Amino acid sequence: MKTFDKDSFLGFVSKIEAGYIDIYFPSSEVFNKGRGQVGGFVVIDGGQFGFLARMDSLNLHKQENEIIKDSSSQFSVSGRAEILLVFETKNPDNVQKTAFQYPNIGAQVFSCSDEQIQKYIESFGKKTPQEICIPLGAFVSSGSIKCNISLNALFQRHCAVVGTTGGGKSWTLAKLMESVSKNSKTKMILFDAAGEYGSLKTKSLVLGEDSYFPYQKLSIPDLFILLRPQGESQKPTLLEAIRSLKIAKLSQKGDIFKKAYNPRKEYNDLYRQYCVDIENNLCDFEISNLIAQIKEECVLYFADAWGAADIKLYDLQASLINKIANMLNTALFNKLFGFKDIPQNFVSIIYAIEKFLAPSQKEDNILRINLENVSSSFSAKEILANAIGSYLLNKARNRDFKENPIILFIDEAHQFLNRKSNIDNADYQPLEAFDLIAKECRKFGLFLCLATQMPRDIPEGALSQIGTFIVHRLINERDKAVIENAASSAGKDILSFLPSLGAGEALLIGIDFQMPLLLKIDKPQNPPHSDTPILKS
Ligand SMILES: Nc1ncnc2c1ncn2[C@@H]1O[C@H](COP(=O)(O)OP(=O)(O)OP(=O)(O)O)[C@@H](O)[C@H]1O
Ligand SMILES: [Mg+2]
C-alpha cells in the first residue's frame, strides 16, 4: 500500500492556516471518481512529514465562476481541509497528533484509501503491535471504512457513553461488551439498572429475585444512609448499639450486650480486645437484635457503670426504631439484603461475583447484575450499587485485578453516581465508590464504562478521570460544554455535529485518539430491549 499514490492525485496545497489547509484541484474529474469529497480523507506529501486531513468544504475556483455551463464541463475547484494527523513519510505508522508541523504551499494532495485510514485508526493508543483492536462500527461519512479500535485505548482510562434518550447508548454498551467478549478474555460486570439486557446470552443475576447483597458486607455509612438516624440524638446511640452487638457476637456473650446496672469494665476490656474488628466499618453484627440493643443503650451513664433506663433518651429513638422495624419487616428489603430467612434458591451476590471472577471460571465473561426490581425507597438502589462498587474497589486496592483487569459497565449511571444531593443530611458520607474507582483504579486494573444521558451527572472528579468519550446525539449546550472541557482534543467544529446525529451515530473522542472519529456504531447481535413503544390509534 503506497501512501502517496499518483493514481489518487487530487491537487495542491494553496493556503495554510492554523489547523487547516486550502487545496486547489486543477480538474473536477477527480470528484466523478468519488475522491476528495466533503467528509472524505486526503493525505498530503509534505516531504519529511505526511499529513492526514479531512475535507470540510469545496467550492468553485473563483476565476472560473463564469465558464461553468453544464455538469459535464471541466472546471477547477478549491477546498478546505482540516489537518488531523502528522506522520513520518518513511514510516507512516508513526502517527502524531498535529503539533507544529505544516505542509508547504504547493505540496501534493492525494486521496487516502480506506485501508490506510483503517490502519491509522487501529494504531491509535496502541503501545505494542500485539495489543488487540475490537470492531465498533464504521465511519458515518463512509460506511466502507470499518473502525477497529484498540481495546486498551477505549477502556484503560475509563470510558463514558453519553447522549440524549434514544441516542443509542445502551446499544453501544451492548456492542462494546459483545466485541470485548468475542475478541478477548477480559471479564466484565454489567449493572443493568432498567433490566434491558435480558437478551445478552450470559450469566445473569436479578437482585431481590434470585440473589441478595449480604447486609454484613454493607459499610456502616451505607447503613446510616438506609436508616438516616437524626443528628445528635440518634446517631451516637445507633453507633454504640452497633459496637455492643459486635462485642456480643465476637465474645459470644449472648444476643445483645446488657448494659443497665452493669459495670463498664467488662465492656471496656472486650472493646480493647476486639477493637480492630469492631471498628472495621462493616455491618457484620446480628441486625435482628438491633432494636433490642438500642433499648439497652438508653441507660444512665456513670463514670464506671451504667445505671437505670433513660426514658427520655429512649423516647428520642422512636423514629429510628420505627425505621429499623419497617426495614427488617419489609419483604423486599429482606430479599435485597438478606436480613433474615433468606429463600433457599437465593445466592449471595458477593459469592456469585467471586465465583465469576475466579480464574478457573472460563465459561462466562460477562456477569449481568439486574437491578430493575430494586426499589428506590430508602435509596436502596444507589446503596446496593455503591456497596457492590465498594466491594470491587477494595478488591482492586488489594491488587486482585492487576494481572487480569476487569471492566465495569454501568448503564443509566445517573441512577448511581453523585447521589449526594438526594440524601438530605449533609452529615452522611456520600456514596462515592464509583468516584473513587474512577480516581484510583486505573492503575489497579478496574476500568469503568459508564452510560448516562447527561454528562453533567458524572461528578466532576470522576469526569476529569475519563479518557474516552463516546458521544451520541447531544443537544443541551451545557452538556456539550462538559464534553468540550473534558475532551480537549475535540475541536468546536466536530462538536457542532452532535445535535444532528442519528440513532447509533456517535463521536469517539479520547486522549489516545489523535483525532475524533464520527462513527455509526454496529448493531449488536443481541441488542437490549429498549425500543420506544409506538402510540396507537
Ligand atoms: N447502533 C445502532 N444501529 C441501529 N439502530 C440503533 C443503534 N443504536 C440505537 N439504535 C436505535 O435507537 C434506539 C434507542 O437506542 P438505545 O436504547 O441504545 O438508546 P439510549 O441512548 O440507551 O436511550 P435511553 O437514554 O432512553 O436509555 C434503539 O431501540 C434502536 O432502534
Ligand atoms: Mg439506555
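Conventions we followed
Residues numbered from 1 in each chain as written. Chains lettered and ligands numbered in written order. Predicted model: local features only at pLDDT ≥ 70, side-chain atom pairs only at ≥ 80, totals over all residues. Helix = DSSP H or I, 4+ residues; strand = E, 2+ residues; numbered from the N terminus. Rg over C-alpha atoms; globule rule 2.2 N^0.38 Å. Buried ≥ 20, exposed ≤ 12 C-beta atoms within 10 Å, placed from the backbone. Contact = placed C-beta atoms within 7 Å. Domains from an automatic or database assignment. Pairing = 2+ DSSP bridges. Axes fitted to C-alpha atoms, helices over the stretch in contact; angles between N-to-C directions. Parallel < 35°, antiparallel > 145°, perpendicular 65-115°, else oblique. Nonpolar A, V, L, I, M, F, W, Y, C, P; charged D, E, K, R; others polar. Core = buried A, V, L, I, M, F, W, Y, C linked by C-beta atoms within 7 Å. Left-handed = near helix turned anticlockwise from the far one by under 90°.

(A) Representation of the overall build of the chain. Scanning the chain from N- to C-terminus turns up 17 helices and 22 strands. At 30 Å, the chain has a C-alpha radius of gyration far larger than the 24 Å of a compact globule built from 537 residues. Summarising its shape, the C-alpha atoms of the chain cover approximately 105 × 60 × 40 Å along the three principal directions. Relative to its full complement of 537 residues, the chain shows a buried share of 43%. Excluding contacts between residues fewer than 6 apart, the proportion of contacts in the chain whose partners are at least 24 apart in sequence is 75%.

(B) Region of interest: the environment of Ala138. Inspection of the secondary structure puts Ala138 in strand β8 (residues 133–139). Once the C-alpha coordinates of Ala138 and Phe302 are considered, the two residues, 164 residues apart in sequence, prove to be 75 Å apart. Those residues in contact with Ala138, other than ones at most four positions away along the chain, are Gly143, Ile145, Lys146, Cys147, Leu519 and Lys520.

(C) The arrangement of the environment of Lys203 in detail. Within the fold, Lys203 resides in strand β12 (residues 203–206). Separated by 259 residues in the primary sequence, Lys203 and Ala462 place their C-alpha atoms 29 Å from one another. Here Lys203 is in contact with Phe356, Asp364, Leu367 and Arg368, once residues within four sequence places are set aside.

(D) Representation of the domain arrangement of the chain within the structure. Structurally, the chain comprises domain 1 (6–112), domain 2 (157–210 + 345–470) and domain 3 (219–330). Here the C-alpha centroids of domain 1 and domain 2 sit 45 Å apart.

(E) Representation of the sheet that holds strand β19 (residues 446–452) in the model. The strand order across the open sheet formed by 11 strands is β9-β8-β22-β21-β20-β10-β19-β18-β11-β17-β12, and the pairing between neighbours is mixed. Looking at the sheet topology across the chains shown, the edges are occupied by β9 (146–150) and β12. With strand direction ignored, the average angle separating the axes of adjacent strands in the sheet is 25 degrees.

(F) Representation of the packing of helix α5 (residues 220–227) against helix α13 (residues 380–397). Packing of α5 against α13 leaves a shortest axis separation of 10 Å and a crossing angle of 175 degrees. Classified by the angle their axes make, α5 and α13 are roughly antiparallel. Facing α5, whose interface residues are Asp222, Ile225 and Leu226, α13 presents Ile383, Asn386 and Ala387. Along the lines of polarity and charge, the residues of the contact of α5 with α13 split into four nonpolar, one polar and one charged.

(G) Examining the pairing of β8 more closely. Of all seven residues that make up β8, five are buried, and the element is covered over most of its length. Across five bridges, the pairing between β8 and β9 is antiparallel. Among the inter-strand pairings, Gly137 is bridged to a residue of β9, identified as Cys147. Taken together, β8 and the strand that follows it, β9, pair antiparallel across an intervening segment of six residues. Where β8 lies against strand β22 (residues 517–521), three bridges are found, and the strand directions are antiparallel. Bridge assignment links Gly137 to a residue of β22, and that residue is Ile521.

(H) The arrangement of unusual backbone geometry in detail. Phi angles above zero are rare outside glycine, and His158 is one such case at about 65 degrees. Take His158: it is sitting in the loop between α3 (151–155) and β10 (159–162). Even without being glycine, Gln252 reaches a positive phi, approximately 50 degrees.

(I) Spotlight on the nonpolar core. Judged by nonpolar contacts, the single largest core of 145 residues is most densely connected at Val42, Leu207, Leu384, Phe409, Cys449, Val471 and Leu519. No other element matches the nine residues that α13 contributes to this core. Here Phe409 is in contact with Leu173, Met177, Met188, Leu190, Phe191 and Cys449, once residues within four sequence places are set aside.

(J) Representation of the packing of α13 against helix α14 (residues 433–440). For the pair α13 and α14, interaxial distance at closest approach is 8 Å and the crossing angle is 30 degrees. Relative to α14, α13 is oriented roughly parallel. Of the two elements, α13 crosses α14, and the hand of that crossing is left-handed. Contact residues: Asn386, Gly389, Ser390 and Leu393 in α13; Ala433, Phe434, Leu436 and Ile437 in α14. For the contact of α13 with α14, the residue count by class is five nonpolar, three polar and no charged.

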